[in-house]
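Structural features, examined
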Amino acid sequence: MKKYNFNAGPSILPREVIEQTAAACLDFDNSGLSLMEISHRAKNFQPVVDEAVALFKELLNIPEGYSVLFLGGGASLEFCMVPFNFLEKKAAYLNTGVWATKAEKEAKAFGEVVEIASSADKNFTYIPKNFTIPTDADYLHITTNNTIYGTEIREDIDSPIPLIADMSSDIFSRPIDVSKYTMIYGGAQKNLAMAGLTFVIVKDDALGKVSRHIPTMLDYRTHVKKGSMFNTPPVVPIYSALMNLRYMKAHGGVKAMQELAEKRAEILYAEIDRNKLFVGTAEKDSRSLMNITFVLKEEYKELEKDFLDFATSKGMVGVKGHRDVGGFRASCYNAMSVEGVEALVKCMQEFEAMH
Ligand SMILES: *Cc1c(COP(=O)(O)O)cnc(C)c1O
C-alpha cells in the first residue's frame, strides 16, 4: 500500500533526494568511498557546500551582503546564539507558540526581553495582529510558522528594528523578501533536508555589534569567515540539502512550491470546513499552509482513536496531532503531493459516511 508521510519533522523528502543521498553514502562522486568517510575538506566536497550556498541564494533571491551558513545544533541552539550575537540591552519577541516561547526564554538570560504580543490566551490558535514594535530594542524575533499549532505569518512584516525569524518549518515554501530580515534560521529537517543540519541566513554587517565575549563556536562571525568549515559540518545532511535544492530548482523554485502549497491547503481546509465531523483549530486568517491542524467536533470526540486507526489503515502516516493541540495534524511540506492530500480527504469522507 502506498504510504503518505504527513510527519511534522523529520519529515517527507522527495524520493529522488533520498535515493541520491543513499547512493552517495555508498559511493561518493565515483571515488569508491562513502560520503560518510571522506574529509569535509576533500577537494570534491567543497563544491557540494559551494553549490548548496549558491542555490540557497538563487532560490531565495538573497541580496548581496548576506551569508548562508550550514551549522549543527538545530534551531534550538539558534535560540541562544541569536541573543548572544545580537542582544545588547533589549530584545522584542512575538510569542506565537512553544518554539517562540523557547526562543524568548533563552534571550532572557542576556538582557531585557519585551513580549510585544502573545496568542497564549487562546492556545496559540491565531497570529496576533495589533502590536507595537519598540524602536529601542536591538531586534524583533518572530516564528513564521508554528509547526505545532498550524498558524503562519505568510508575509514579510515591516519592522523598524532588525528582524530575526525562525523559519524552520516554512522556509522554501514561498518567495521571501530577505532584505527585510537581519537573520533567518531553522532546523533543516522540516522542509529542506534530513535531520542534523541548521541553516542560517545572516546579514554580515549586523554582526559584531554586541560588547560581550562570544565563545568561538557560538559567534556567527567564525562561521562566516570560515565558510561553515570552522569545524566539521554535518556532511551527509548538507549533501541531502543540496539534492533537495537542485530538486526545487528543477521543479520551478519557490514560486512553484508556493503554488503547490496553496493548492494542497485549499483542498484540505475545504474538506475540514465541509466535513460534519471535523473542525480546524487555527483561526482562518492565521492558517498555516504547512501544518494543517484539525480536531473532531465536540459531539464526535470519542471517535479520535477510530479515525487515526482508519487513516493509518489507508496508508496515512503521522497525522496524529501534537499533544498540546490534540486531534490531527497533516504536515504538508514541499514534497507532499496533491495526490497525498486527496487521499487524506477521501479518508475523511469515507469516515464521515461511516458515522
Ligand atoms: C522543529 C522546530 C524547532 C526545533 O528545531 P530543532 O532543530 O529540533 O532544534 C524550532 N522552531 C520551529 C518553528 C520548529 O518547527
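Below: a short report on this structure. (Residues numbered from 1 in each chain as written. Predicted model: local features only at pLDDT ≥ 70, side-chain atom pairs only at ≥ 80, totals over all residues. Heavy atoms only, no water.)

**Quick look at the packing of aromatic side chains**
Applied cut-off: Two rings from Phe, Tyr or Trp (for Trp, the six-membered ring) form a pair when their centres sit within 6.5 Å of each other. Planes less than 30 degrees apart are called stacked, planes more than 60 degrees apart edge-to-face, and all others tilted. Strands are runs of DSSP state E lasting at least two residues, helices are runs of H or I lasting at least four, and both sets are numbered from the N terminus onward. Using a 1.4 Å probe on the protein chains alone, a residue whose accessible area is under 20% of its type maximum counts as buried, one over 50% counts as exposed, and one in between counts as partly exposed.
Inspection of the entire model under this criterion finds 17 aromatic pairs. Their ring planes at 70° and their centres at 5.8 Å tell us that F56 and F70 sit as a pair that is edge-to-face. With F56 in helix α2 (residues 46–59) and F70 in strand β2 (residues 66–71), this residue pair connects regions lying 14 residues apart in the sequence. With respect to class, F56 is no different from F70; both count as buried. Centre to centre, the rings of F278 and F294 are 5.5 Å apart; their planes meet at 80°, and the pair counts as edge-to-face. You can see F278 sitting in strand β11 (residues 278–280) and its partner F294 sitting in strand β12 (residues 291–296), a full 16 residues away along the chain. The exposure class of F278 is buried, given its relative accessible area of 1%. The class for F294 is buried, based on a relative accessible area of 1%.

**Section: the packing of helix α7 (residues 253–274) against helix α9 (residues 338–354)**
The following threshold applies: Angular values range over 0 to 180 degrees, each being the angle between N-to-C directions of two axes fitted as lines to C-alpha atoms, with helices fitted over their stretch in contact. Roughly parallel means an angle under 35 degrees; roughly antiparallel means over 145; roughly perpendicular covers 65 to 115; every other angle is labelled oblique. Residue contacts are counted whenever heavy atoms from the two residues lie within 4.5 Å of one another. In this classification, the charged set is Asp, Glu, Lys and Arg, the nonpolar set is Ala, Val, Leu, Ile, Met, Phe, Trp, Tyr, Cys and Pro, and all remaining amino acids, among them Gly, are polar.
At a minimum axis separation of 9 Å, α7 and α9 run at an interaxial angle of 5°. Classified by the angle between their axes, α7 and α9 sit roughly parallel to one another. Taking contact as the criterion, the partners of L260, K263, R264, I267, L268, E271, I272 and R274 in α7 are, on α9, V338, V341, E342, L344, V345, M348, Q349 and E352. For the contact of α7 with α9, a count of residues per class yields 9 nonpolar, 1 polar and 6 charged.

**A short note on the nonpolar core**
Heads up, the rule is: We call a set of buried residues a nonpolar core when its members are Ala, Val, Leu, Ile, Met, Phe, Trp, Tyr or Cys and they connect through side-chain atoms within 4.5 Å of each other.
Residues F45, F56, L60, F172 and L192 are the most contacted members of the largest nonpolar core, which totals 60 residues. It is helix α6 (residues 235–250) that contributes the most residues to this core, 10 residues altogether. Non-local contacts of L192, meaning those with residues more than four positions away in its chain, are made with L13, F56, F172, F199, S240, A241, N244, L245 and M248. The next biggest cluster of nonpolar side chains, apart from the first, holds 36 residues, and it includes M290, L308, L344 and F351.

**Digging into the environment of L33**
Along the chain, L33 turns up in the loop between α1 (15–26) and α2. For L33, the residues in contact, after removing those within four places along its chain, are A24, L26, D27, F28 and I38.

**Some thoughts on the sheet that holds β12**
For clarity, the threshold we go by: The pairing criterion is simple: DSSP has to find at least two bridges between the two strands.
Read from one edge of the open sheet, 3 strands run β11-β12-β14, paired in antiparallel fashion. Of all strands in the sheet, those with a lone pairing partner are β11 and β14 (328–331), marking the two edges. For this sheet, the mean angle separating the axes of adjacent strands, direction not counted, is 30°. Here β12 runs beside β14; their pairing, made up of 4 bridges, is antiparallel. Residue pairing in the sheet places T293 in a bridge with R329 of β14.

**Regarding the site of the ligand**
Keep this limit in mind: Throughout, the term near means that a residue has one or more heavy atoms lying within 4 Å of the molecule or strand in question. In protein, a polar contact means a hydrogen-donor-capable atom and an acceptor-capable atom, both N or O and within 3.5 Å, with residues adjacent in sequence counting only if both atoms are side-chain atoms; elsewhere, any N or O pair within 3.5 Å suffices.
Residues in close proximity to the ligand total 14 residues, the closest being S76, T147, D166, Q189 and K190. Note that an oxygen atom of the ligand is positioned 2.6 Å from one of the side-chain N or O atoms of S76. In the environment of the ligand, an oxygen atom lies 3.0 Å from a nitrogen or oxygen atom belonging to the side chain of Q189. It is helix α3 (residues 74–86) that provides the largest number of residues to the shell around the ligand, a total of 4 residues. Grouping the amino acids of the shell around the ligand by side-chain chemistry returns 3 nonpolar, 9 polar and 2 charged.

**With respect to the packing of helix α8 (residues 304–313) against α9**
Convention followed: In this scheme the handedness of a crossing depends on how the near helix is turned from the far one: anticlockwise by less than a right angle means left-handed, clockwise means right-handed.
Across the interface, α8 lies against α9 with an axial gap of 10 Å and an inter-helix angle of 130°. Relative to α9, the element α8 is oriented oblique. Crossing geometry of α8 relative to α9 is assigned as right-handed. The segment α8 lies against α9, with D306, F307, F310 and A311 engaging C347, M348, E350, F351 and M354. Across the contact of α8 with α9, the residue classes tally to 7 nonpolar, no polar and 2 charged.

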